[in-house]
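Summary of the model geometry
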Amino acid sequence: MVPRDWVWGSNLRTVLTRSCLALLVATQVAVGVGVFALVEHFLWRTSDGQLLEAVRSLWEHRPAFMQGENSELPGLRPHLTFSEWGPHFGQMVAVSVGRGLVRIYRDDGALLFANGPARGVPDLDAAAVAKILSPGSLPQSMNASSEGQRFHILCLPLVARGQCLGVLQVTNSSEGVEVQLRKLALFILLCSLAALVPGYLWLLWLAHTLASPLERLKQTALRMGAGDLQARTGLGGGRNEVFAVAAAFDSMAVRLQASFQSQRRFVADASHELKTPLTTLSGMAEVLQMSNPCSDPQTQKALRTIEREVERMNGLVSDLLELSRAEEPHPQDVAAVSIHEILDELVEEASMRARTVGCECPAELAVRGPESRLRRIFGNLLDNALQYTPSTGTVCLRAYLSDSGMVAVEVSDNGAGISSDDLPHVFERFYRADHSRARRSGGTGLGLAIVWSLVESLQGQVEIRSTPGFPPEGYPGQGTTVTVRLPACRRP
Ligand code: ATP
Ligand code: MG
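Report follows, based on the coordinates. (Residues numbered from 1 in each chain as written. Chains lettered and ligands numbered in written order. Predicted model: local features only at pLDDT ≥ 70, side-chain atom pairs only at ≥ 80, totals over all residues. Heavy atoms only, no water.)

Structural notes on a nonpolar patch on the surface
Taken together, the side chains of Val197, Tyr200, Leu201 and Leu204 make up a nonpolar region of the molecular surface, amounting to roughly 360 Å² of accessible area. Looking at the secondary structure, you find Val197 in helix H5 (residues 175-225). Owing to a relative accessible area of 52%, Val197 belongs among the exposed residues under this scheme. (Patch = residues over 30% accessible without salt bridge, like charges linked within 9 Å, V, L, I, M, F, W, Y side chains within 5 Å. Areas by Shrake-Rupley, 256 points an atom, 1.4 Å probe, with all protein chains shown as cover. Salt bridge = Lys/Arg side-chain N within 4 Å of Asp/Glu carboxyl O. Helix = DSSP H or I, 4+ residues; strand = E, 2+ residues; numbered from the N terminus. Buried < 20%, exposed > 50% of the residue type's maximum accessible area, 1.4 Å probe, protein only.)

Right under this line is the structure:
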């Protein structure tokens, strides 16, 4: 449905302003047309009434020779017939009404008198005359127009001593009425415009006043969605529904922030508390191994397993700590860091693990952020690329300045890749594509979640593309590419 689409598809201000304006204009047009029609009717009735009055008066006070129609008294000169004096009466009427056509018809429909050419005034035939002369009928009026002029035609029966003699047809010129109507139309138009301008301004103000708290609410929701849990609408003053929603939103934001903070604090505290016993456990296992070098192989194996698992737990706890720290705001005035230097160091570390990594990075690229966070981001990505790519495959780091003014760093490999089912979830905490969670096929599943949080804390974006390859040895065109984009800055 078009109106519904229009209402949902346009912004609130436009919908409010346009629909109220349309309503205002429609009301003004309806009132204007109504007033105009009413006044026009009234003016015509008054004008017709005056004309009728004048004609009636003439008829009542007509001269004596027009009085005794058709009466023939013996011995006297016969009185004039209506056919003889009727034209004289027509002349009297024509002189009295001034402009306009005057006609007199006999009762048989014959035209007895006309003071000028018809000019659009319809002729009366015998039937029309008979109808007007029928008993009880009233003077008739009708509209006609000719040569751009409108006029009323009045037809009234001429009756003397109960005998119908004929019909008088007089046109009432519209000249006087039209002048008044033109003035009225101008007056209505000016009044409408005078009301429309302040009405429109008032509508604009109203739409703005109603929409601005909603706009603020939207901006706050967007900020919260982007991770700024301190965002509030701050709309506490008003009493209408929008302000009530804003107040409810603010209180929800307060609770949400408190819940996030307590969750973060819990993870940080728990990880921190776990560190000490883990260190003790690891130390004890080492002491036991060293103090009993000749113990049986089974005990030696158990001690090595304890040591390995403790190390793994240590890694997990460090990751959890890192994750909770990544969500804390970091100081904004940190120094610019060279991307080239960080990537170079990572390539060197990889070469110590007997892996060759290609690197392509202009020396001038730099971003602003804590160096440890940047090192962790690219370190985690490189770890994944190396871990999930066989030693025969290739791993590459490439950095460049993108069109949007961001520094883009791509970590790509031609390893086994990630299936399209797993790809949307790899940034989730503890998510691993290998659902068996086998020890040899991956870590804890926190590496990419840490990357996501750290990149977000630096106002950047991260994106992953992957094409799973078979066989898993890797070949060109397949594998995984992770792109991190961070705001660029000048190198010091
Ligand atoms: P952690 O990094 O915490 O030790 P992890 O490597 O399993 O453990 P993530 O780094 O978060 O966890 O990666 C999540 C999953 O995404 C991995 O288990 C792996 O299945 C898949 N993955 C990530 N990077 C690659 C890659 N370059 N090639 C293939 N699969 C990958
Ligand atoms: Mg990983």
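Back to the text.
What to know about the pairing of strand E10 (residues 406-413)
When you tally the buried positions in E10, you get seven out of eight residues, the bulk of the element. Here seven bridges tie strand E9 (residues 395-401) to E10, and the two strands are oriented antiparallel to one another. Bridge pairing links Val395 to Asp413 in E10. Bridge count for E10 against strand E12 (residues 479-487) is eight bridges, and the pairing is antiparallel. Bridge pairing in E12 links Ala408 to Arg485. (Pairing = 2+ DSSP bridges.)

Describing the site of ligand 1
The local shell around ligand 1 holds 17 residues, among which Asn384, Tyr388, Asp413, Leu446 and Leu448 are the closest. Residue Asn384 places a side-chain N or O atom 2.8 Å away from an oxygen atom belonging to ligand 1. Note that an oxygen atom of ligand 1 is positioned 2.9 Å from one of the backbone N or O atoms of Gly445. If you list the elements that add at least two residues to the shell around ligand 1, you get helix H9 (371-387) and helix H10 (447-457). Split into classes, the residues belonging to the shell around ligand 1 amount to eight nonpolar, seven polar and two charged. (Near = heavy atom within 4 Å. Polar contact = N/O pair within 3.5 Å; in protein donor to acceptor, adjacent residues only side chain to side chain. Nonpolar A, V, L, I, M, F, W, Y, C, P; charged D, E, K, R; others polar.)

Comments concerning the packing of helix H7 (residues 297-326) against H10
Relative orientation of the contacting elements H7 and H10 amounts to 25°, with a least axis distance of 9 Å. When the interaxial angle is binned, H7 and H10 end up roughly parallel. Relative to H10, the crossing made by H7 is left-handed. Of the residues in H10, those in contact with Asp319, Glu322, Leu323 and Ala326 of H7 are Ala449, Ile450, Ser453, Leu454 and Ser457. In terms of residue class, the contact of H7 with H10 is built from five nonpolar, two polar and two charged. (Axes fitted to C-alpha atoms, helices over the stretch in contact; angles between N-to-C directions. Parallel < 35°, antiparallel > 145°, perpendicular 65-115°, else oblique. Left-handed = near helix turned anticlockwise from the far one by under 90°. Contact = heavy atoms within 4.5 Å.)

What about the packing of aromatic side chains?
If you walk through the whole model with that rule in mind, you get four aromatic pairs. With a centroid separation of 5.9 Å and 35° between ring planes, the pair formed by Trp59 and Trp85 is classed as tilted. With a gap of 26 residues between them, Trp59 in helix H2 (residues 12-60) and Trp85 in helix H3 (residues 82-97) connect regions that are remote in the sequence. Here Trp59 falls in the buried class, since its relative accessible area comes to 10%. Ring centres of Phe82 and Trp85 lie 5.0 Å apart, and the angle between their planes is 80°; on these two criteria the pair is classed as edge-to-face. Linking Phe82 with Trp85, this pair stays in helix H3, spanning three residues, or about one helical turn. (Phe/Tyr/Trp six-rings, centres within 6.5 Å; stacked < 30°, edge-to-face > 60°.)

Some points on unusual backbone geometry
With phi around 65°, Phe430 is a residue other than glycine that occupies positive phi space. With respect to the element layout, Phe430 can be found in the loop between E10 and H10. By relative accessible area, which is 37% here, Phe430 ends up partly exposed. A positive phi is found at Gln459, a non-glycine position, where the angle reads about 60°. Considering the arrangement of structural elements, one finds Gln459 in the loop between H10 and strand E11 (461-467).

Here we look at the pattern of salt bridges
Within the structure shown, the criterion is met by 12 salt bridges. Of the charged contacts in the structure, one is a salt bridge between Glu463 and Arg465, with a shortest N-O distance of 3.5 Å. For Glu463, a relative accessible area of 34% corresponds to the partly exposed category. Given the relative accessible area of 43%, Arg465 is considered partly exposed.

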